[in-house]
Amino acid sequence: MTSREKLDQWSYFEERGLADRFECSWVEAPDYLAAVTALRAEETLACDLNQARRWYLPYSGEDLVWVSEQSLNWIKMFTVSGSSMWWALDALPQPGGRAYHLSHDDGEVSEPVYVNGGKWEDIPADHWDRPRQEGAGLVGSSDIAQEMNFYLAALAYTTGRFIDDTWFTTPGLLCRIPDGAWPRE
């Protein structure tokens, strides 16, 4: 991690031009290859997120998701292009596992959604305690940055990894999800 404050995670996306529309999921899974298979990816390309961002087209009709390890037993799925994978989350965690999804679109941040053991649930209230106590919602140069930093801190404490420069250089797979692989809701 750089000398930057660990709670200032949103600035990494802003610096890389990945903040216009943000869609990312964190899934409890044994490894990211299992998630790629479960996503029914048709084509894959080995790369890190810095390389995958060349295909960053937030409102494209082609579904591209970059999948990589987050930490032990957690993976991350960043939507590079097209629609979000949130509607597939209940099928992706390992049995009894959890998944979170966070999005930002058109200047609005959506409260994270949560899957626990394959069922959609409210996020437990204590999930927000540590980021609130540490002032994560006060970090950032805009209201959106502060809100995203608050949510990202809660996810970092849950998944065991904060976003930093190495988050973008972790090896992963850029996956093309074919039309019809998942029903849209």
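Above this text is the structure in question.
Remember, predicted model here, so these are calculated numbers, not experimental data.

Caption draft 1: Focus on the overall build of the protein. The helix and strand tally for the protein stands at five helices and eight strands. A compact globule built from 185 residues should have a C-alpha radius of gyration of about 16 Å, and the protein, at 15 Å, falls within 12% of that. Looking at the 185 residues of the protein, the share that counts as buried comes to 52%. Across the protein, contacts joining residues at least 24 apart in sequence account for 70% of those joining residues at least 6 apart. Computing the positive centroid from 15 side-chain charges and the negative centroid from 30, the protein places the two 5 Å apart.

Caption draft 2: Region of the structure containing the nonpolar core. Within the largest apolar cluster, 40 residues are counted, with the highest numbers of intra-cluster contacts made by Phe13, Phe22 and Phe78. Put simply, the parts of the chain that give this core at least two residues each are helix H1 (10-15), strand E1 (22-28), helix H3 (49-52), strand E3 (63-71), strand E4 (74-81), strand E5 (98-105), strand E6 (108-116) and helix H5 (143-159). Here this core gets nine residues from one element, more than from any other, and that element is H5. When residues no more than four places from it in sequence are discounted, the contact partners of phenylalanine 13 are Leu18, Ala19, Phe22, Phe78, Leu152, Ile163, Trp167 and Phe168. If you look at the next biggest cluster of nonpolar residues, it comprises 21 residues, including Ile75, Ala88, Leu173 and Ala181.

Caption draft 3: Inspection of the side chain of aspartate 164 at higher detail. By the element assignment, aspartate 164 lies in the loop between H5 and strand E8 (172-177). Of the side chains with opposite charge, arginine 161 comes closest to the buried, unpaired aspartate 164, at an N-O distance of 4.3 Å. At 2.6 Å, the side chain of aspartate 164 forms a polar contact with the side chain of threonine 166.

Caption draft 4: Spotlight on the environment of glutamate 14. Mapped onto the elements of the fold, glutamate 14 is located in helix H1. Glutamate 14 sits 131 residues away from alanine 145 along the chain, and the two C-alpha atoms are 9.1 Å apart. In this structure, glutamate 14 is in contact with Ala19 and Ala145, ignoring residues within four places of it in sequence.

Caption draft 5: Structural context of a negative patch on the surface. A cluster of acidic residues, Glu111, Glu121, Asp122, Asp143 and Glu147, forms a negative patch at the surface. Note on aspartate 143: relative accessible area 64%, which makes it exposed.

Caption draft 6: Quick peek at the packing of aromatic side chains. Evaluated as defined, the whole model comprises 16 aromatic pairs. Plain terms: the ring middles of tyrosine 157 and phenylalanine 162 are 5.1 Å apart, the flat faces sit at 85 degrees to each other, and that makes the pair edge-to-face. Here a set of aromatic residues connected by ring pairs shows up, and it is made of Trp10, Tyr12, Phe13, Phe22, Trp66, Phe78, Trp167 and Phe168. Above the ring of phenylalanine 168, the side-chain terminus of arginine 16 is found at 3.9 Å from the ring centroid.

Cut-offs used in this document
Residues numbered from 1 in each chain as written. Predicted model: local features only at pLDDT ≥ 70, side-chain atom pairs only at ≥ 80, totals over all residues. Heavy atoms only, no water. Helix = DSSP H or I, 4+ residues; strand = E, 2+ residues; numbered from the N terminus. Rg over C-alpha atoms; globule rule 2.2 N^0.38 Å. Buried < 20%, exposed > 50% of the residue type's maximum accessible area, 1.4 Å probe, protein only. Contact = heavy atoms within 4.5 Å. Lys, Arg positive; Asp, Glu negative; His and termini not counted. Charge placed at Lys NZ, Arg CZ, Asp CG, Glu CD. Core = buried A, V, L, I, M, F, W, Y, C linked by side-chain atoms within 4.5 Å. Salt bridge = Lys/Arg side-chain N within 4 Å of Asp/Glu carboxyl O. Polar contact = N/O pair within 3.5 Å; in protein donor to acceptor, adjacent residues only side chain to side chain. Patch = residues over 30% accessible without salt bridge, like charges linked within 9 Å, V, L, I, M, F, W, Y side chains within 5 Å. Areas by Shrake-Rupley, 256 points an atom, 1.4 Å probe, with all protein chains shown as cover. Phe/Tyr/Trp six-rings, centres within 6.5 Å; stacked < 30°, edge-to-face > 60°. Lys NZ or Arg CZ within 6 Å of the ring centre and 35° of its normal.

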